[in-house]
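Report on the structure
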Amino acid sequence: MFDLIVKGGNLPDGRVTDIGIRGGKITAIESLDGAEAGEVLEAQGDLVSPPFVDPHFHMDATLSYGLPRINESGTLLEGIGLWGELKEIVTQDDMVTRALEYCDWAASMGLLSIRSHVDTCDDRLLGVEALLDVREKVKDYIDLQLVAFPQDGFYRDPTARDNTIRALDMGVDVVGGIPHFERTMADGAASVKELCEIAAERGLQVDMHCDETDDPMSRHIETLAYETTRLGLQGRVAGSHLTSMHSMDNYYVSKLLPMVAEAQISAIPNPLINIVIQGRHDSFPKRRGLTRVKEMLAMGINVGWGQDCVLDPWYSLGTADMLDVAFMGLHVAQMTSPEEMRTCFDMVTENNAKTLGLQDYGLRVGAQASLVVLDAADPIEALRLRAARLCVVSKGRVISRTPRGDASLSIAGRPDRVRRRHQVMS
Ligand SMILES: [Zn+2]
């Protein structure tokens, strides 16, 4: 007797099978004809995927677009200034309310694991308290991992260092940083060193905003790789953005990428925000400012797409849809072969789960019973349609349902409904 059976879905690897769930775990992946279950989800012809994972988000800022004003220039620096204005007026309750609303959106989109940075440049640490509260409130349906993020600079802001350490003492999970925003390259490198040492002492992961600039001489990823290897942190460190790599000298990159691979650093490009923020100081040609995704994948580096922002001082759109994120990444990185498109889907599921260190993730017996049924036949079609999440299961429970995206047609001689799926409709 199963609690739930997902019947006949297409898995991302092409298998067509049933999934049996009991006690919050996947207990069978095989034909379950005749088996009894509390509920059966019919998924014939639909993609059944492990849940989406966002490795880079700012939940303390989300859904604040327009407060207290919008970002006129569209630049990273005006966004940071604007966030500073908002921090002066925001309350902890506001942040919790907005974050919980965002988590509702995420749940409905099958986005069930999120790594969110939380600003530690605030002596009251309101954001830290708010997101620790949210992490607890959503834990039955979303796994929220928090990164202590000194937005205004670990050394540049006079109290950021102490407050970042306090945030870790309060239970924030991951050590963050922003070396390219420190006053000098030397301070940036020193911040990477000290933050990695803090992570090593505490047995924590590291995830830095790293080289989010068009300056090809911003090379903090080099220091991050060096410190990761020196301190034995291999497999526990991520570099977010890495946009300067877009503009770096090719010879230098040929030396850099093997060091990143050796350090087993995960890379987190954030294509929605990178494509709108980078290149703002260029005339023409305008750089895309996305890091070297295909080149890193070819080196065996784990790369996954992140969302970064939804309706906040840096980005005015977004719906918690990791398929939107992958769709943009696919275009900007020109990952258009069938194999590359499938990789783009893996980059918002499996690859990001690896970055976050999720142990119970995936469609396999013994894993946590979290999955998404999509209105698409396979990962490529899911990307093309940004397909509806017909059903979202988190930790063994159905938490969201969305109807299929059919339209009705009133055109003589044509079918009366259209689904935009490429197969013959059943
Ligand atoms: Zn960010």
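In this text, all values refer to a predicted model and were calculated from it rather than measured experimentally. (Residues numbered from 1 in each chain as written. Predicted model: local features only at pLDDT ≥ 70, side-chain atom pairs only at ≥ 80, totals over all residues. Heavy atoms only, no water.)

1. Here's the deal with the overall build of the protein chain
Formally: Per the convention used, a helix needs a DSSP run of H or I reaching at least four residues, while a strand needs a run of E reaching at least two, with both numbered from the N terminus. In this treatment the radius of gyration is a C-alpha quantity, and the globule benchmark scales as 2.2 Å times the residue count to the 0.38 power. It only takes one pair of heavy atoms within 4.5 Å for two residues to be counted as in contact. In this description, accessible areas are obtained by the Shrake-Rupley approach with a 1.4 Å probe, and a residue is regarded as covered only by the protein chains that are shown. Only four residue types enter the charge count: Lys and Arg as positive, Asp and Glu as negative, with His and the chain ends excluded. Note that the charge is assigned to NZ on lysines, CZ on arginines, CG on aspartates and CD on glutamates.
Within the protein chain, the regular secondary structure consists of 13 helices and 17 strands. Against the globule reference of 22 Å for 426 residues, the protein chain gives a C-alpha radius of gyration of 22 Å, in line with a compact fold. Once the C-alpha set of the protein chain is aligned to its principal axes, its extents read approximately 65 × 45 × 45 Å. Put simply, 75% of the contacts in the protein chain that link residues at least 6 apart link residues at least 24 apart. Here the protein chain displays about 17,200 Å² of accessible surface, and carbon together with sulfur accounts for 51% of that area. Within the protein chain, the 62 negative side-chain charges are centred at a point lying 3 Å from the centre of the 43 positive side-chain charges.

2. Description of the sheet that holds strand β10 (residues 205-210)
Using the following cut-off: At least two DSSP bridges between two strands are required for those strands to pair.
Pairing in this open sheet of seven strands is parallel, and the strands run β6-β7-β8-β9-β10-β11-β12 from one edge to the other. The outermost strands of the open sheet, each flanked by one partner alone, are β6 (52-57) and β12 (266-268). Here strand β9 (residues 174-175) runs beside β10; their pairing, made up of two bridges, is parallel. Note on β10: the bridge partner recorded for V174 is Q205.

3. As for the coordination of the zinc ion
The test is simple: For Na, K and Ca the donor cut-off is 3.2 Å, and for all other metals it is 2.8 Å, counting N, O and S atoms only; because water is absent from this set, sites may look incomplete. Working rule for geometry: tetrahedral if four donors all subtend angles between 85 and 135 degrees; square planar for four, octahedral for six, if opposite donors exceed 155 degrees and the others stay between 65 and 115; irregular in every other situation. When accessible area is computed with a 1.4 Å probe and restricted to protein chains, residues below 20% of their type maximum are described as buried, those above 50% as exposed, and intermediate ones as partly exposed.
Distances from the zinc ion to its protein donors, H56 (NE2), H58 (NE2), H209 (NE2) and D308 (OD), fall within 2.1 to 2.5 Å. Classification of the site at the zinc ion as irregular follows from its four donor atoms and the range of 84 to 179° in their angles at the metal. Going along the chain, you hit the donors of the zinc ion in the pattern H-x1-H-x150-H-x98-D. In this pair, H58 sits in the loop between β6 and α1 (76-89) while H209 sits in strand β10, placing the two residues 151 residues apart along the sequence. Of the two residues, H58 and H209, both sit in the buried class.

4. Quick notes on the packing of aromatic side chains
Selection rule: Aromatic contacts are taken between Phe, Tyr and Trp rings whose centres are within 6.5 Å, Trp giving its six-membered ring; a plane angle under 30 degrees counts as stacked, one over 60 as edge-to-face, and the others as tilted.
With the rule as written, the count across this model stands at five aromatic pairs. With 4.3 Å between their ring centres and 20° between their planes, F57 and Y102 make a pair best called stacked. You can see F57 sitting in strand β6 and its partner Y102 sitting in helix α2 (residues 92-108), a full 45 residues away along the chain. You can call F57 buried: its relative accessible area is 0%. Given a relative accessible area of 0%, Y102 falls into the buried group. With centroids separated by 6.4 Å and ring planes inclined at 50°, the aromatic side chains of W83 and W314 adopt a geometry described as tilted. Placement of W83 in helix α1 and of W314 in the loop between α9 (293-298) and α10 (322-332) is noted, with a sequence separation of 231 residues between them. Both residues of the pair, W83 and W314, count as buried.

5. As for the packing of helix α6 (residues 220-230) against helix α7 (residues 250-262)
Inclusion rule: Axis definition: a line fitted to C-alpha atoms, over the contacting stretch in the case of helices. Angles run 0 to 180 degrees between N-to-C directions. Handedness of a helix crossing follows the sense of rotation of the near helix relative to the far helix, less than a right angle counterclockwise being left-handed and clockwise being right-handed.
Where α6 meets α7, the axes come as close as 9 Å, and the angle between the chain directions of the two elements is 35°. Crossing angle aside, the handedness with which α6 passes α7 is left-handed. On α7, the residues that touch I221, E222, A225 and T229 of α6 are Y252, K255, L256, M259, V260 and E262.

6. Considering the pattern of salt bridges
Here is the rule we go by: When a carboxyl oxygen of Asp or Glu is within 4 Å of a side-chain nitrogen of Lys or Arg, the pair counts as a salt bridge.
The full count for this structure, using the stated rule, is 33 salt bridges. K193 is paired through a salt bridge with E197; the nearest N and O atoms lie 3.2 Å apart. With K193 and E197 both in helix α5 (residues 185-202) and four residues apart, this pair spans about one turn of that helix. For K193, a relative accessible area of 39% puts it in the partly exposed group. The exposure class of E197 is partly exposed, given its relative accessible area of 24%.

7. What to know about the environment of V325
Among the structural elements, V325 can be located in helix α10. Considered as a pair, V325 and D308 are 17 residues apart in the sequence and their alpha carbons are 9.6 Å apart. Those residues within four positions of V325 in sequence are excluded, and the remaining contacts are P271, L272, W305, G306 and Q307.

8. Observations regarding unusual backbone geometry
For the peptide bond that leads from L67 to P68, omega is -15°, which places it in the cis range. The amide bond that connects F284 to the next residue, P285, takes the cis arrangement and shows omega of 0°. Among the secondary structure elements, P285 is positioned in the loop between α8 (271-277) and α9. Here L125, not a glycine, exhibits a phi torsion of approximately 50°, which is positive. Assignment of secondary structure puts L125 in the loop between β7 (111-119) and α3 (126-137). With a relative accessible area of 0%, L125 lands in the buried category. Its identity is not glycine, yet D211 carries a phi of approximately 60°, on the positive side. Relative to the helices and strands, D211 is located in the loop between β10 and α6.

9. Concerning α6
Every buried residue belonging to α6 is among H220, I221, T223, L224, A225, E227 and T228, and all of these are buried. Downstream of α6 by one or two residues, G232 has phi in the positive range, about 70°.

10. Re the side chain of T355
Selection rule: Between N or O atoms, a polar contact is any pair within 3.5 Å; within protein, one atom must be a potential hydrogen donor and the other a potential acceptor, and residues adjacent in sequence are included only when both atoms are from side chains.
If you trace the backbone, T355 turns up in helix α12 (residues 350-356). On the accessibility criterion, T355 (4% relative accessible area) is buried. At 3.4 Å, the side chain of T355 and the side chain of S266 are in polar contact. Other than its neighbours up to four places away in sequence, T355 contacts P55, R115, Q205, A238, S266, I268 and N302.

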